[in-house]
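Okay, here's what each chain looks like letter by letter:
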Amino acid sequence: METQILQIDEQHINAEWIRQAGEIIKAGGLVAFPTETVYGLGGDALNPASAKKIYAAKGRPSDNPLIVHIYRIEDLHLLVKEIPEAARKLAAVFWPGPLTMIFEKSEAVPYETTGGLNTVAVRMPSNPVAAAFIREAGGYVAAPSANRSGRPSPTAAGYVAEDMRGRIEMILDGGDVEIGLESTIVDMTGEEPTILRPGSVTKEMLKDVLQSVSEDETMMSCSDGQAPKAPGMKYRHYAPKGDLTIVDGAERRVVDYINEQALRLREEGGKVGIIGTNATIADYRGDSCKSVGDRADEAAIARTLYRILREFDDEDVTVIFSESFTAAGLGQAIMNRLLKAAGHKVVHV
Ligand code: TXA
Ligand code: MG
């Protein structure tokens, strides 16, 4: 299959191209599109055959449910049995935006889309290209992140093309994404809203709107015994090819430890990648040293992390060391993804 790649300027959206993208979805095909978080791989959420195609293109197990993307709040009604009051409040504040909520699903949503679950995840993205595309596609677009299973989520269209060229009909190239990490997922079906995946809508922001919010215990831990509530979180999702270790401690000790390890591993023939920050990056002695930005600028770290992991894959780095980050606010999402990429391997120095 030839994959058409179209550059869309979000200030001047080409209506004809968006119409063509929408036609592909309505005909049961797949289109990758930009959102403010990461690129999505879209298919018709109400068509069981489209969900199957998405799983095949990603190389993803079909028990991993998809997020349904809408472009206006009133379209939520068709997808869900009921809208809890807390969900109305969150939607009023955070939609459109990087928040996904889980509801009891209606009959309209096929089990192929929800991976066999009776619940459905719904999100209304703020990216204007995404909104225009979802509208032209009929209003309900199922989309996981547009990476092949096991690779970091794509933060630019070039990364989507690396993973999906020849497997899908079209890629809408809307440039680099704004946030760089996937949406916050909150389960609205229980007694208390529960965060299943941290993102840029932080726990603190949710607590400002609702009295109480809890967190899935398995979210930041490596306990194998408990099954995470978001089925996708059980897969080792964000895994780089190189063996990644997070090193936590005082700045100088971290630099010294990583350099000692890098020296040893390079003598043994390894190729060492290092993830540092602007303050430390010049001090590292790896084969490839990359800064995620200023430690204080968490938005920049979030935007940069997946790109760096992909670059290390391209460079065939065999071992990676990363500095650790504060797990509060947006930092919680950053550390959640980094811990997953590392298979929870952390060294304290
Ligand atoms: O930012 C995002 O959310 C991006 C963009 C494209 O919107 N999408 C994304 O999709 O990250 P994906 O498929 O890579 O991750 C969706 C996560 C998975 O961990 C999945 O298990 C969980 O959402 N999920 C989906 N439906 C669920 C449900 N009904 N119950 C629990 N977890 C669910
Ligand atoms: Mg994903």
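For the structure itself, look to the data block above.
Residues numbered from 1 in each chain as written. Chains lettered and ligands numbered in written order. Predicted model: local features only at pLDDT ≥ 70, side-chain atom pairs only at ≥ 80, totals over all residues. Heavy atoms only, no water.

Draft legend 1. Structural context of the overall build of the protein. The helix and strand tally for the protein stands at 10 helices and 16 strands. If one aligns the C-alpha atoms of the protein with their principal axes, the spans along those axes are about 60 × 50 × 40 Å. Counting the 349 residues in the protein, one finds 56% classified as buried. Summarising the internal contacts of the protein: among those between residues at least 6 apart in sequence, 68% fall at separations of at least 24. Working note: accessible area of the protein is about 14,200 Å², and carbon and sulfur atoms make up 48% of it. (Helix = DSSP H or I, 4+ residues; strand = E, 2+ residues; numbered from the N terminus. Buried < 20%, exposed > 50% of the residue type's maximum accessible area, 1.4 Å probe, protein only. Contact = heavy atoms within 4.5 Å. Areas by Shrake-Rupley, 256 points an atom, 1.4 Å probe, with all protein chains shown as cover.)

Draft legend 2. Focus on the packing of helix α9 (residues 298-314) against helix α10 (residues 330-341). Two elements in contact, α9 and α10, have axes whose closest approach is 9 Å; the angle formed by their N-to-C orientations is 20 degrees. Between α9 and α10, the interaxial angle falls into the category roughly parallel. Along this stretch, α9 crosses α10, giving a crossing that reads as left-handed. Residues Glu-298, Ala-299, Ile-301, Ala-302, Leu-305, Tyr-306 and Leu-309 of α9 form the contact with α10, whose participating residues are Leu-330, Gly-331, Ile-334, Arg-337, Leu-338 and Ala-341. In terms of residue class, the contact of α9 with α10 is built from 10 nonpolar, one polar and two charged. (Axes fitted to C-alpha atoms, helices over the stretch in contact; angles between N-to-C directions. Parallel < 35°, antiparallel > 145°, perpendicular 65-115°, else oblique. Left-handed = near helix turned anticlockwise from the far one by under 90°. Nonpolar A, V, L, I, M, F, W, Y, C, P; charged D, E, K, R; others polar.)

Draft legend 3. Inspection of the environment of Ala-279 at higher detail. Relative to the helices and strands, Ala-279 resides in the loop between β13 (272-276) and β14 (288-291). The exposure class of Ala-279 is exposed, given its relative accessible area of 58%. Separated by 28 residues in sequence, Ala-279 and Glu-251 place their C-alpha atoms 9.4 Å apart.

Draft legend 4. Here's a closer look at the pattern of salt bridges. Across all of its chains, the model carries 21 salt bridges by this definition. Across the pair Arg-151 and Asp-313 runs a salt bridge whose closest N-O atoms are separated by 3.1 Å. With Arg-151 in the loop between β7 (141-142) and α6 (157-164) and Asp-313 in helix α9, this pair connects stretches of sequence that are 162 residues apart. For the residue pair Arg-151 and Asp-313, the accessibility class agrees, reading buried in each case. Salt bridges here are not isolated pairs; linked through shared partners, they connect Arg-151, Glu-162, Asp-163, Arg-310 and Asp-313. (Salt bridge = Lys/Arg side-chain N within 4 Å of Asp/Glu carboxyl O.)

Draft legend 5. Expanded view of unusual backbone geometry. Residue Pro-96 is bonded to the preceding Trp-95 through a cis peptide linkage, with omega at -5 degrees. Mapped onto the elements of the fold, Pro-96 is located in the loop between α4 (85-94) and β5 (99-104). Phi at Asp-316 takes a positive value of approximately 55 degrees, unusual for a residue other than glycine. Mapped onto the fold, Asp-316 is located in the loop between α9 and β15 (319-323). Among the residues examined, Asp-316 registers a relative accessible area of 52% and is labelled exposed. Look at His-344: it is not a glycine, yet its phi comes out positive at around 65 degrees. One can find His-344 in the loop between α10 and β16 (346-348). A residue is classified by how much of its surface remains accessible, and His-344, at 24% relative accessible area, is partly exposed.

Draft legend 6. Highlighting the sheet that holds β13. Read across the open sheet, the five strands follow the order β14-β13-β15-β12-β16; overall the sheet is parallel. On the outer flanks of this sheet lie β14 and β16, each paired with one strand and no other. Strand-to-strand twist in this sheet, taken as the mean axis angle between neighbours without regard to direction, amounts to 20 degrees. By the bridge criterion, three bridges tie strand β12 (residues 243-248) to β16 in an arrangement that is parallel. When the bridges of β16 are listed, Ile-246 appears paired with Val-346. Strands β12, β13, β15 and β16 of the sheet are contacted by helix α8 (residues 251-267), whose axis makes an angle of about 170 degrees with β13. Here α10 sits on the sheet and contacts β12, β15 and β16; the angle it forms with β12, its principal contact strand, is near 135 degrees. (Pairing = 2+ DSSP bridges.)

Draft legend 7. Spatial organisation of the nonpolar core. Residues Trp-95, Leu-99, Met-101 and Leu-206 are the most contacted members of the largest nonpolar core, which totals 46 residues. The set of elements that each furnish at least two residues to this core consists of α2 (48-58), α3 (76-79), α4, β5, β6 (119-123) and α6. Beyond its immediate sequence surroundings of up to four residues, Leu-206 is in contact with Leu-90, Phe-94, Leu-99, Thr-184, Val-186, Ile-195, Val-201 and Val-213. Counting 23 residues, the second-largest nonpolar core is a separate cluster that includes Leu-244, Ile-275, Ile-301 and Leu-338. (Core = buried A, V, L, I, M, F, W, Y, C linked by side-chain atoms within 4.5 Å.)

Draft legend 8. Focus on the pairing of β12. In the sheet, β12 pairs with β15 via five bridges, with the strands oriented parallel. Its bridge partner lying in β15, Leu-244 is registered against Ile-320.

Draft legend 9. Looking closely at the packing of aromatic side chains. Per the counting criterion, the structure on display carries one aromatic pair. On the numbers, 4.9 Å between centres and 45 degrees between planes, the contact of Phe-33 with Phe-133 is tilted. Residue Phe-33 is located in strand β2 (residues 31-33), and its partner Phe-133 is located in helix α5 (residues 128-136); the two are separated by 100 residues in the primary sequence. Residue classification places Phe-33 among the buried residues on the basis of a relative accessible area of 0%. When its relative accessible area of 0% is taken as the criterion, Phe-133 is described as buried. Residue placement shows Lys-105 over the ring face of Tyr-111; its charged tip is 4.2 Å from the ring centre. (Phe/Tyr/Trp six-rings, centres within 6.5 Å; stacked < 30°, edge-to-face > 60°. Lys NZ or Arg CZ within 6 Å of the ring centre and 35° of its normal.)

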